[in-house]
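# Overview (structure and organization)
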Amino acid sequence: MTNERIEELIQELTLQEKADMIHGNELFATKGVERLGIPPFRTSDGPMGVRKEFKKDTWSDIGLSYDTVSYLPSNTALAATWNRELAYETGKILGKETRGRGKDMILAPGINIMRTPLCGRSFEYMGEDPYLAAEMVVPLIKGIEENDVSSCVKHFALNNQETRRLDVNVEVSERALREIYLPAFEAAIKKGKAKGIMGAYNKLRGQHCCHNDYLLNHILREEWGFEGITVSDWGGVHDTEEALTNGLDMEMSVTNNFNEYFLADPLIKLIEEGTVDREAALAKIDEKVRHILHVMNALHMLDGERYAGTYNDIRDKEAIRQTARESVVLLKNDKSILPLDAKKVKKLLVIGDNANRMQAPGGGSAEIKALYELTPLMGFYMVLGGNTEITYKTGYFNDDIGNIWADTSDSGNGQADSLNQDKPEHAKAEADKKAEEEKKRAYRKEKNEQCMKEALEAAKDADAVIYVGGLTHDYDTEGQDRADMKLPYEQDRLISELLAVRPDTIVIIQAGSPVDMSAWVDKADTLCYSWYAGMEGGYALAEVVFGLVNPSGRLPETFPVTESDCSAVVLGEFPGGDSVTYGEDIFVGYRYYDTYDVKTAFPFGYGLSYTDFILSGLSARVLEDTAENKRVEICFSISNIGDRAGAEVAQIYIADKFPKVKKAAKELRAFEKIYLDAGETKQLTLELGAEAFSYYDEAEGRFKVDAGDYMILLARSADEVVDVTDVRLSAN
Ligand code: BGC
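Just so we're clear, the structure is a prediction, and the values are computed from it rather than from any experiment. (Residues numbered from 1 in each chain as written. Predicted model: local features only at pLDDT ≥ 70, side-chain atom pairs only at ≥ 80, totals over all residues. Heavy atoms only, no water.)

### Regarding the sheet that holds strand β4 (residues 153-156)
Hydrogen bonds between backbone atoms are what pair the strands of a sheet, whose relative direction is either parallel or antiparallel. To keep it simple, the criterion reads: Here a strand pair is declared whenever DSSP counts at least two bridges between the two strands. Helix and strand assignments come from DSSP, with helices taken as H or I runs of at least 4 residues and strands as E runs of at least 2, each series counted from the N terminus. Only the stretch in contact is used when fitting a helix axis, every axis being a line fitted to C-alpha atoms; angles between N-to-C directions are given from 0 to 180 degrees. Any two residues whose heavy atoms approach within 4.5 Å are treated as being in contact.
An order of β4-β6-β9 is seen for the three strands of this open sheet, with the pairing classed as parallel. Two strands bound the open sheet, and with one partner strand each, they are β4 and β9 (229-231). Within this sheet the neighbouring strands show an average axis-to-axis angle of 30°, counted without direction. Two strands pair when backbone bridges link them, and β4 and strand β6 (residues 196-199) are joined in this way by two bridges, in the parallel orientation. Pairing of Phe156 across the sheet is with Gly199, part of β6. Strands in contact with helix α7 (residues 183-190) are β4 and β6; relative to β4, the strand with the most contacts, it is inclined by about 140°.

Shown next, in the form of structure tokens:
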């Protein structure tokens, strides 16, 4: 459809029809205008696949037999692969399934920065580093949007905690905003060309992000040139006038009083009663409709042939499995116990509730009704076949339902109830829940003892013992943060006792965010981290354990020893009260641990392999150094000196030698995942631009390179620099 025709359509639409297009008329869709051939705009969650179908006006599961989908690795798992190609492949599948399920927009990906390890939704995001998140989100969006569907990057911006997420106000310096919290969104819009973006629930500098003038009008539209659709988070709108003028295009919510939404009847009333300037208001509404129509047009919703999509395509299984494989992070292998030799393990003992738990249905809006999910236990059975006797013990007692939204103590409408988070009724319900919990505790304690005893007993008589514990979506979930990083269900005690009986136990932690392992980590020789890695996750993990796959995942976030080491917690600015001041400024994640010499459990970028690599011969050459442009070429070589093929992630950090302003000790500015056969060597050349050496100058209101000497660090993690060189640059 031509632009002229779109403009004509805008003229032909009545005010009521326009209002209907800019607010939800179902929980996940707006109203179309049949007489003009404009269809409703259909959205669906979310990041790990297309969510199940709900009724149009209540959150009841329709119970269809045909809305199961591919359960994709979570964004944290994806980020742990450090593989841009896999991000693209994952995006392609997500987009294809979005379209296959008849939707126009997928409410993904989530890319908020992990400010603390306690944020309940960390598993939906891409870790703590803006560069890594930006590099991974761009191909992911491109993959999604190849399928005549729109992505919806969320939550814009600063939704870094779940506690009081609906109204907490964030105060952050302009520099931290620009350097830490916005780069991934900027890349998603400018390089990924995302057609949709979702406002966050929280406020920034006193104004709700869903109608935040600075974020939406100024930064997103004016600075970044965004022309797509801005969608509110569900129930994130609080004011009609602000929603009208501050850059929001589409209001969505969790309740079914659709006509009462801020951009529905109240908007029309505002205009009819003359509370606002009529002409200006109508022009604003036209602008919203224009954004929507242009996106609809780009998705071939208005005319032309539209891609049909499909879901559960068997051909996508390999990419899903490969992503899961590459996401596994080997943290310790001190005695080279891994990989296990399947031929030698005649009796295998598997302990831990997560070994046998389906994780897909939990987490809040990221829940997935998966076509299937291979648990780790299933993976071990599949890889080992009939020659190994596998015994399974839960080890600890977990009778949680596995999904906070499934808790029907409120209205049964988890997402609507989440909006009541700060109301007195909610506090009472929470207190009742706590009392109930107290009662259950004694019973659970007894059960736990029994499970533990059985596991420890069985451990004495097995060729190999694998422990699979960690968190579930009762902890990694929307709507609540964790109180601390401790493992639930007395797992610390169990793992410690297990390691005393069987020091060769392979400990596998499956979780979406870092956990405190200090109680036993020094005693564990073998430790592996697996995330919510999708429907093939359990099988991929088993392949790693038994050496069919060489692990190549790297941590996308620092694992602090405990939460109290994290900068926001040190400052007492998490989770805060009405307002949270990000006093740690740019010192988030490794930027803090590194600069302030805080010992971590495992550093950002860390992960082992079954083979060994040597990274060396780093050199740098300034190709161009003008005020307009900077180009620095970096060369190094990498060799696989072990006896099996594998992949290393070469990480390039930059450090300003004599900073004029306070800067982090170093910052990730490039990386490359390199696959090498045993004995193979490769030469690599990368190019860095001005942005690799710049910081945000608040006084000048721009990113800037200071004249001076910069160290270029070739590293295997934030803690292991293997080679260093220098370049001198002029200012820009
Ligand atoms: C979440 C969003 C989600 C929306 C729709 C909200 O509670 O914050 O991420 O896309 O619900 O389900």
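### Section: unusual backbone geometry
Quick note on the threshold: Think of it in three bands: residues with accessible area under 20% of the maximum for their type are buried, residues over 50% are exposed, and the middle band is partly exposed, with areas taken using a 1.4 Å probe on protein chains only.
Here the bond from Ala108 into Pro109 is cis, since omega is 0°, no more than 30 degrees from zero. With an omega of -5°, the peptide bond running from Lys154 to His155 counts as cis. With respect to the element layout, His155 can be found in strand β4. The phi dihedral of Glu490 is positive, around 55°, even though this residue is not glycine. As for its position among the elements, Glu490 is in the loop between β13 (464-470) and α16 (491-501). Judged by its relative accessible area of 27%, Glu490 falls in the partly exposed class.

### So, the packing of helix α12 (residues 317-327) against helix α17 (residues 537-545)
Heads up, the rule is: Any angle from 65 to 115 degrees is called roughly perpendicular, while one under 35 is roughly parallel, one over 145 is roughly antiparallel, and all others are oblique. By the definition used in this description, the sense in which the near helix is turned from the far one sets the handedness, with an anticlockwise turn below a right angle giving left-handed and a clockwise turn giving right-handed. Any residue that is not Ala, Val, Leu, Ile, Met, Phe, Trp, Tyr, Cys, Pro, Asp, Glu, Lys or Arg is counted as polar, Gly included; the first ten are nonpolar and the last four charged.
The N-to-C vectors of α12 and α17 enclose an angle of 50°; their axes lie 8 Å apart at closest approach. Taken together, the axes of α12 and α17 lie oblique to each other. Crossing handedness for the pair α12 and α17: right-handed. Here Arg321, Ala324 and Arg325 of α12 lie close against α17, whose contacting residues are Gly537, Tyr539, Ala540, Glu543 and Val544. Among the residues forming the contact of α12 with α17, the class breakdown is four nonpolar, one polar and three charged.

### So, helix α1 (residues 3-12)
Inclusion rule: Directions drawn from the helix axis to the C-beta atoms are what define this arc.
Looking at α1, one finds that the buried residues are Ile6, Leu9 and Ile10. The buried residues of α1 occupy an angular sector of 100° when projected down its axis, which confines them to one face. Facing away from the buried surface of α1 by more than 90 degrees, the exposed residues are Glu4 and Gln11.

### Structural notes on the domain arrangement of the protein
Just so we agree on the cut-off: For the purposes of this description, domain bounds are those given by an automatic or database domain assignment. When two parts are brought into contact, each loses some accessible area as probed by a 1.4 Å sphere; the total of that loss over both is the buried area. Note on definitions: salt bridges are taken to be side-chain nitrogens of Lys or Arg within 4 Å of carboxyl oxygens of Asp or Glu. Two N or O atoms count as a polar contact when they lie within 3.5 Å, although within protein this holds only if one can serve as hydrogen donor and the other as acceptor, and sequence-adjacent residues are included solely when both atoms are side-chain atoms.
Parsing the protein into structural domains produces domain 1 (41-255), domain 2 (319-555) and domain 3 (613-729). Centre-to-centre, using C-alpha coordinates, domain 1 lies 30 Å away from domain 3. A buried area of about 1300 Å², summed over both sides, lies between domain 1 and domain 3, and 57% of it is on carbon and sulfur atoms. Of all residues in domain 1, Trp82, Tyr131 and Arg175 give up the largest surface area on contact with domain 3, accounting jointly for 49% of the area buried on that side. Taken together, the links from domain 1 to domain 3 amount to one salt bridge. Put simply, Glu672 and Arg84 hold a salt bridge, and the shortest N to O gap is 3.8 Å. One can count eight residue pairs in polar contact (both at pLDDT 80 or more) joining domain 1 with domain 3. If you list the elements that add at least two residues to the side of domain 1 that touches domain 3, you get α5 (130-145) and α6 (174-181).

### Structural notes on the pattern of salt bridges
Pairing between side chains becomes possible if they bear opposite charge and their charged atoms approach one another. Scanning all chains against the criterion turns up 70 salt bridges. A salt bridge links Glu7 to Arg290; the shortest N-O distance between them is 2.7 Å. Residue Glu7 is located in helix α1, and its partner Arg290 is located in helix α11 (residues 278-298); the two are separated by 283 residues in the primary sequence. A relative accessible area of 29% places Glu7 in the partly exposed class. A residue is classified by how much of its surface remains accessible, and Arg290, at 27% relative accessible area, is partly exposed.

### Let's talk about the sheet that holds strand β20 (residues 630-640)
What the three strands build is an open sheet, ordered β19-β20-β23; its pairing is antiparallel. Each edge of the open sheet carries a strand with a single partner, namely β19 (613-625) and β23 (681-689). Taken over all neighbouring pairs, the strand axes of this sheet differ in orientation by 15° on average, direction set aside. As judged from the nine bridges shared by β20 and β23, these two strands associate in the antiparallel manner.

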